[in-house]
Amino acid sequence: MFGWGVAAEYVKRTDQPWIQKNIPYKICHTFVANPTSNNNDGATCCCGAEENEHEPGYTKDLAITEWSPDLHIRRHNGTCFGKIKFVEEDGTHQPDYVRISDDMLNKKSGTMRVMELLETRWRLPKPNLLISVTGGAQDFHCPPELEKRFKRGLAKAAKSTDAWITTGGTNTGVMKLVGEAVRGTSFGSQIVTIGVATWGIIKNREQLAVTNEKKIVKDYETKESRIRRGAFLDPNHTHFLLVDNGKQYEYGGEIKFRAALEQKISERYREGNYTLPQICILIEGGPNSIKTLLETVKLGNPGLVIAGSGRSADVLAEAYRLSSPEEAIDKNGDKITIRVLSEVNTEDLNVVVSKKFPNMRPEDKDKIHREIIELLSYDKLLTIYELNDSKEFDLALLAALIRGNKEGTSSLASMKLAITWDRPNLAHSLILPSSKFSEKEKSDLLRIAIVQNKPVFIKMMLEQDLDMKHFLTHEMLASLYNEIDNTVVCFKTLRKMSQGGQGIKNKVKAKLSLIHIGMLLEEILEGTFQSTFTCKEFKDNELDMQSKPFENPYDVMVFYAVFVESQEMAKLFWERSRTPIATGLIACKILKFLAETQRNRLKRDEENERKLLEYAGEFESLAVGVMNQTFKDRNHQKELWMEVLLIKHRSLGNLDLVQLACTTEASNFIAQGAVQTLLTDIWLGQIHAAQHWVKIFIAACIPIAGPLFLMRYTKIGASSDPDLDGQNKGKEDPGLKEMDTQFELAALENGKEGEVETDGGQIPEEMIRKRKLTTWEKLLYFYNAPCVKFQYHVVMYLLFLGIFIYTLIFARPNKKDEYNEDKNTDGDWMSGSKYSGYEIYLVLYVISTIPIEIIQVVEQVPKTIRMKLWQYLQDLFNILDVLGIFCFLGGFIVKAFGDITFTVPTSGPLELQNAHHLLMILSFLMYSVRLIQLFRINSNMGPKIIMIGKMMIDLFFFIFLMIIFLIGYGVCAQALMNPNQGLHNPDSIKSNGSIVWDVIFRPYLHVFGELDLDGMYDELQRGHCPVGDETCDADTIKHDPTGQVHYYLVMCLLFVYLMFVNILLINLLIAIFSKSYEDIQADSDIVWKVQRSQMIQEYKDFPIFPLPLSLLYHGYTLVLFLFKSCMGLCREDSLDEDIDETAIYRVSMIEAESREEYQSKMEGEEEMSTSSAYRDLKNELDAIKTMVRQGPASSSSNGQTPNPTNLPDQPPRPPPTASKLTKTKPLRVHMDSRKTPYPGSDVKRFILSDEKVSWFVRYPEYLPVDYTSPEIADQTSDMVDPAEITLKTKIQFNKINYSTVNNKQWTIDRTSHHGKYNVVDGIPQNPKGRTGVIGRGCLQRWGPNHAADTVVTRWHRDDRGEIIKIEGLPVLEFVGIFRQAFNEWAIPGGRCKPNERIFETIKREFSEEALANLSRPATEQTRISEMLAEHFKLGITVYKGYVDDPRNTDNAWIETIAVNYHDSTGKSFSKFPLQSRAGMESGSVGVQWIPIDHNLDLFANHEWIIEKVCYHRDAYNPITEPKRKETQVWMTGL
């Protein structure tokens, strides 16, 4: 706002009249000669100015002998203001200044005008701290280390708190030191540094007194001045208040004004009862500095003394050291701590004062002594900073502020400083307990923590119930990006975008906008991601969008944190993201881009590059982990996890997760089980998964009959698959979008009778009408399946290559003169034509591939054509396709113009017919190499193809090294064997081509063993002139002993060459190949799955007709498109057209729940690992102690030391697959399941300690009570298991049991939501540990007893119908029932009956327990059932799993599914006639709407379920933090 690059136009012309009218200064209007003046140049006025220095219009009266300020000084309208351009500087920094009267602050009106000047005219930001620096006005020596600490700490403190710094403003002493501190930082221009100087002592002040209204910027020189007295202004301050008292060359004229100004500023920015915090820093200084500090401390502001800086500062530091603390009573009667000097110490202090001020008068020393004594009485407000202090200066400043925090002073600045210096312990212990920040203050603190990259404080602010949506507006996000540090990798890229490609050389930094951020995101994601910041709607309304919050603020902040390379901050926001999978994938891609950018820099930082790649891998692992958790928890809910993969997010550029994974190159995510299962479904289409590929191939070979009679298909419902229509390709199943809770819950019953298998997953028979496929549908589904299209394509491609081979080798066309009707054309069905029938087929085949390649380009995910082409050409096989097509069509065209002949000057005529044949050969080469692509679908061949590509890169570098040795040896050998080349030696003259052969190709053949030593010797003889041959030049080398030496040198070179190349380089190449093979082989499964996904995506959109018949299909499509275009039937695709907000919300809830479960799992595993290591160490130590106690006698007879792990009193270690229950903490395991007595009986449980609950802890003394309720044991109905389990009971645990009784089939689900549980001696074992009771208790079934709970909610409203909010969050209320048997409130629910689906259980239990449906008439029961069916359509599954229920035993337990149905309007569920009926099985005697506005004590784990509902609905959560942590730890075990 007022930086180094501020333009001259900053001071608006409209400000001039206001300043002239409201900011006066003083002038001496009467010249009165000073009789005591010693000025040789002329008379000097009593005001200190010479006569020519007075303002025009002054009077000179020789009769006046006495000069009085009240009479001879008057105010003058303000004409001295503007901007200062320091001539010796670069001119980019132009601080504001104004000449102001010293009595402006004496009246309230003047104070208001000064404040308006600062706030409105100079537009200074609101300060959060006022730092007043006082000290020596003359230059002084400061220890270099102390000076360095002070500069760094002062700038850091001021910037972090948006502080204002006030100084004397001149370029001397401490003021110069402050200016250097501010200017020496990258953010110095953003620190408000106000210089309050006396106008009369400023050198060259006449340059600032120019009254030309058109010239706002005043040139000011700081090197030379005609006046020796005074001081120059410091060029590093941002603003100057030049105080004028009408006198000249008199120091101290600004002291009172500055003190009053600081006090007025403190009062001006009062917030409630809190004034603006101030601190006074004393550096060096004279006697007046001690008084200044004393006056500051008297006002309750802390002071910080820099010991070691000299004079006054050293005197105060020594006085503080010599004094001792004592308790005293202040004027209010409160106890305070003061510091007192003893008589001896007082004498020592006087010695120090005399040493520091040797010329001071005795009375002045006494005055200083009194001031020091008074200063020491303010012990709490006085802090001494010494050079040997371990703390940095900024920390000392923070400690002084917090230590001297007076009552009525805001703690906001203290908190800001705590954030800056990363002292969360100080914030927790000193600031937060006594502070309650407003929402705006929380936002300010969070912003500071984000900018300064302090994740601990970010988390601290988020835990303060900060509204993130209120905080993160578009304007706030843009400001955060504008404060990115220039050391991060993306800084240069962003600055280049903001300056339109000018780079960062421009001194004036252009402001970043969110449009630039969107452009960078699109560049990183290679055009596949369409940012909302670059859409037309945002660009047209950018100003209106500034204050608009983000829908998903945490997602946006993840990207910001990744850009600034703060992994901890990014993970902190990711943990709260609504789309954790997609956000993790995009963050992974951004980090890979930053790593690549770092790698391509000239100054490469390998450590930072490695760190960025590690961060990228971590985010990809997080995304994969959440998706794995989703897939694992909802493996039998296929439509749910498929919806997570296929839903398109508007905030993510309208991409689904599969597209996003391909864009971000997240190979681990693509290889994830859910993605591969989805791709398998796409690959097979509607063909049943049990069909072998050989059977599919046979069916494809038998047209019509094969697909109809050999294939099995998945059955479909009344609505056909959307991919039947070509217009719906790529769109997700509408059935997924319209899925309701009935489908969701029924899908939990996967594998049960009465269900049918569809493309969307398992859907109950009652929900849809299953039917067989029609004949036409079977044919369409079969031939449209990608796997069938792939097989046809392979066959046709092999046929194409076979015909191509035939035309190249066996049927090469004759020349033109041989084409005539008289020629024998037997076997050629295109007789008489220039082209054979085989060539026509090849041409049609190649032409039919062109539309396919064009479609591949168009359907690339990027938005622009350039990026589509770039993405398309990233695949080598696509490049081969393009080259093959161009070569083939080029050859075809050349043949068409084969009559044309070109004349080459050196070689004669050249016919195009030969070029045709060469182009065809090149085309065949491309197509034959492309055959490799077809093997990518194979799990064995696919990775090998990747290995070939990787080894080709390695081979390139090997060839580069080999060429170096090859050229070196070849040139030297050629020069030795034929030294007379070019001289007159007829036998040695060789052609250029022959020389190239000898230099390059002969050494190359040597590598493969083709040495040809005899030929080399003959070459040597020919290259040397025979002895005595007079035809040779005199300079030629003869075949004498010199020539023999050449031969031996060549042999030596050959030996060295083969040693390096054949042994060293070849073995190096083998090692490189081995390394590449091992690297790819280690990830061969992932590599193959990525290749497989690419193949499936390609053949999914492949035409249904095989090539070249696909030309008919593409021709029909083109004609249809042109017809629709002419008729105006085509419409543009809308980004929001296919987006279902309800589905997006449902998916976000699923992802959030999976992320929580995954995080709990990771935390549990980490805790498990730590505790396991601790336990192992403890066991080893105990074993050693035992051996030491037992001594030598404990050794075995053979002298071996006994194995400590086999000691008899040591419990066995749990196996690697230990239950998650072992991760739980004491006092939080099986709380309700260990309550005694057992419900409904007097049976006392076996008492268990927390450590003995887990089955993995040995407990031979465990003697549980065997109890099964008599009412349950005596029942013989199919609803209840037999009392004892025998082989005849035929109970199959961990499976869905089917049985037929009285011609009726019963289905009982004995699987667990948590996977397979142990069965010991035929009896199931509670997966969560011991309970103290064996048997079934009062439960009906051995093992899991499945139940369903219904959480019906609505918003809690007041009498006016307004939603009640607490802490800014709406309050929910739910339907609760009172269970008399347990004397607790609970959620309506109950156990599932045999053959009963979960949705039916939910309706039945809610109608019985909350609506008393059984006691109502039949017509009323029917009406209620219809109401439930209507309103219970869309719900959220908030929990499914184990219930810590008091009825659980070691062999029987309860598992539930909790579903939330929410009425957002409050009108739907209000129609339900809530009513309870006493005496029911559940014991429900009361039912009512219960507001969730206080801590609830509910039955079993229902309280945790309620908390989950609050989270999903973004509602107020009243559960206290300790209880929440306890519940989360308990759920970790689940």
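This section reports on the structure supplied with the text. (Residues numbered from 1 in each chain as written. Predicted model: local features only at pLDDT ≥ 70, side-chain atom pairs only at ≥ 80, totals over all residues. Heavy atoms only, no water.)

1. Let's talk about the overall build of the protein
- When helices and strands are counted, the protein shows 50 helices and 35 strands.
- By residue count, 50% of the 1534 residues in the protein fall in the buried class.
- Considering only residue pairs separated by 6 or more positions, the protein has 73% of its internal contacts joining residues 24 or more positions apart.
- In the form shown here, the protein has an accessible surface area of approximately 74200 Å², with 55% of it arising from carbon and sulfur atoms. (Helix = DSSP H or I, 4+ residues; strand = E, 2+ residues; numbered from the N terminus. Buried < 20%, exposed > 50% of the residue type's maximum accessible area, 1.4 Å probe, protein only. Contact = heavy atoms within 4.5 Å. Areas by Shrake-Rupley, 256 points an atom, 1.4 Å probe, with all protein chains shown as cover.)

2. A few points about the nonpolar core
- Residues Tyr481 and Phe669 are the most contacted members of the largest nonpolar core, which totals 147 residues.
- It is helix H23 (residues 580-599) that contributes the most residues to this core, 11 residues altogether.
- Setting aside anything within four residues of it in sequence, one finds Tyr481 in contact with Leu494, Leu512, Leu514, Ile517, Phe559, Tyr560 and Phe563.
- By size, the runner-up hydrophobic cluster in this structure holds 30 residues, among which are Leu146, Ile165, Val174 and Ala181. (Core = buried A, V, L, I, M, F, W, Y, C linked by side-chain atoms within 4.5 Å.)

3. Quick notes on the sheet that holds strand E11 (residues 239-244)
- With respect to topology, 10 strands assemble into an open sheet ordered E10-E5-E6-E11-E9-E8-E7-E12-E13-E16, the strand pairing being mixed. Since the sheet does not close on itself, it has two edges, and those belong to strand E10 (217-220) and strand E16 (382-385), each with one partner. Averaged over all neighbouring strand pairs, the angle between strand axes comes to 25°, with direction disregarded.
- Sheet topology note: the strand E8 (residues 164-167)/strand E9 (residues 192-198) ladder contains 4 bridges and is parallel. By the bridge assignment for E9, Thr167 is matched with Gly195.
- Its contacts with the sheet put helix H6 (residues 255-268) on strand E6 (96-101), strand E7 (130-135), E8, E9, E11 and strand E12 (278-283), and the angle it makes with E7 is roughly 165°. (Pairing = 2+ DSSP bridges. Axes fitted to C-alpha atoms, helices over the stretch in contact; angles between N-to-C directions.)

4. Quick notes on the packing of aromatic side chains
- What the rule picks out here adds up to 30 aromatic pairs.
- Between Tyr481 and Phe563 the ring centres are 6.1 Å apart and the planes differ by 70°, which places this aromatic pair in the edge-to-face class. Of this pair, Tyr481 sits in helix H17 (residues 474-482) while Phe563 sits in helix H21 (residues 553-563), and the two are 82 residues apart along the sequence.
- Here the aromatic rings of Tyr1259 and Tyr1262 are separated by 6.0 Å at their centres, their planes lie at 25°, and the arrangement is stacked. (Phe/Tyr/Trp six-rings, centres within 6.5 Å; stacked < 30°, edge-to-face > 60°.)

5. Quick notes on the side chain of Lys1089
- Within the fold, Lys1089 resides in helix H43 (residues 1084-1100).
- Residues contacting Lys1089, with those up to four places away along its chain left out, are Ile670, Ala671 and Gln676.

6. Focus: the pairing of E12
- Within E12, 6 of the 6 residues are buried, leaving the element largely enclosed by the surrounding structure.
- Every second residue of E12 is oriented toward a common face, with Gln278, Cys280 and Leu282 on one face and Ile279, Ile281 and Ile283 on the other, all of them buried.
- Two elements, E7 and E12, share 6 bridges in a ladder whose sense is parallel. Counterpart to Ile131 in the pairing with E12 is Ile279.
- Across 4 bridges, E12 lies against strand E13 (residues 303-306) in parallel orientation. Residue pairing for E13: Cys280 is matched across the bridge by Gly303.
- Note that the unit made of E12, helix H7 (residues 287-298) and E13 has a crossover that is right-handed. (Right-handed = clockwise from strand over helix to strand, strands pointing away.)

7. Thoughts on the pattern of salt bridges
- Within the structure shown, the criterion is met by 38 salt bridges.
- Ionic pairing is found between Arg149 and Glu145, a salt bridge with its closest N-O pair at 3.6 Å. Of this pair, Arg149 and Glu145 both sit in helix H4 (residues 144-161), 4 residues apart, which is roughly one turn of the helix.
- Counted as one network, the salt bridges with shared partners bring together Lys26, Arg75, Asp102 and Asp103. (Salt bridge = Lys/Arg side-chain N within 4 Å of Asp/Glu carboxyl O.)

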